[in-house]
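# Results of the structural survey
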Amino acid sequence: QVHLVESGGGLVQAGGSLRLSCAASGRTFSAYAMVGWFRQAPGKEREFVASISWSTGNTYYADSVKARFTISRDNAKNTVYLRMNSLKPEDTAVYYCAADVAVDPHIGVEYDYWGQGTQVTVSS
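Here's what I pulled together on the structure shown here. All of these numbers come straight from a predicted model, not from anything done at the bench.

This part covers the sheet that holds strand β1 (residues 2-7). The antiparallel open sheet is built from 4 strands, whose spatial order is β1-β3-β8-β7. Every other strand in the sheet has two partners, leaving β1 and β7 (69-74) as the edge strands with one partner each. Across this sheet, the average inter-strand angle for adjacent strands is 15 degrees, counted without regard to direction. Judged from the 6 bridges that link them, strand β3 (residues 18-26) and strand β8 (residues 79-84) form a sheet pairing that is antiparallel. Bridge pairing links A23 to T79 in β8.

Below you can see the structure in the form of structure tokens.
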């Protein structure tokens, strides 16, 4: 069992910045763990934002947020961050943290654990 709790959401003007945090507790991540951020805007499907390998630190980003968002992790604190710069109104959504505690290379990443989400609202 892994418990994920997001924090850091809020209201910000376009062009501003915000940093989200995802604190994990419970089951220890393996060397093959992957943690990601997703978001869902009203009336739209949930979409991938960014992810990071727990051990290597390799990162992946959706094209829509490249050069603006940065995902990072602090292994000692079991925490993943998402720094968001140059925010746009279209970034408005509920942001979720998710984790695959042990990626199976034969299957791929499967996010089995999810947080409750944190609201990010960007005004024009």
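Turning to the pattern of salt bridges, a few remarks are in order. The tally for this structure, following the rule as stated, stands at 4 salt bridges. Measuring nitrogen to oxygen at the nearest pair gives 2.6 Å for the salt bridge that ties R39 to E47. One salt bridge connects R68 with D91, and the closest N-O pair in it is separated by 2.8 Å. With R68 in the loop between β6 (59-61) and β7 and D91 in the loop between β8 and β9 (93-100), this pair connects stretches of sequence that are 23 residues apart. Through salt bridges with shared partners, a single ionic network connects R39, E47, R68 and D91.

Structurally, V80 is set in strand β8. The exposure class assigned to V80 is buried, which follows from its relative accessible area of 2%.

Moving on, we get to the packing of aromatic side chains. Overall, the coordinates contain 4 aromatic pairs when judged by the stated rule. Pairing F38 with F48 gives two aromatic rings, centres 5.7 Å apart and planes at 75 degrees, and the pair type is edge-to-face. Taken together, the residues span a long stretch of sequence, with F38 in strand β4 (residues 34-40) and F48 in strand β5 (residues 47-53) at a distance of 10 residues. Between F38 and Y111, the aromatic rings sit 5.0 Å apart at their centres with planes inclined by 80 degrees, giving edge-to-face as the arrangement. With F38 in strand β4 and Y111 in the loop between β9 and β10 (113-114), this residue pair connects regions lying 73 residues apart in the sequence. With relative accessibility at 10%, the residue F38 sits in the buried group.

Here is what the cut-offs are and how they apply
- Residues numbered from 1 in each chain as written.
- Predicted model: local features only at pLDDT ≥ 70, side-chain atom pairs only at ≥ 80, totals over all residues.
- Heavy atoms only, no water.
- Pairing = 2+ DSSP bridges.
- Helix = DSSP H or I, 4+ residues; strand = E, 2+ residues; numbered from the N terminus.
- Axes fitted to C-alpha atoms, helices over the stretch in contact; angles between N-to-C directions.
- Salt bridge = Lys/Arg side-chain N within 4 Å of Asp/Glu carboxyl O.
- Buried < 20%, exposed > 50% of the residue type's maximum accessible area, 1.4 Å probe, protein only.
- Phe/Tyr/Trp six-rings, centres within 6.5 Å; stacked < 30°, edge-to-face > 60°.

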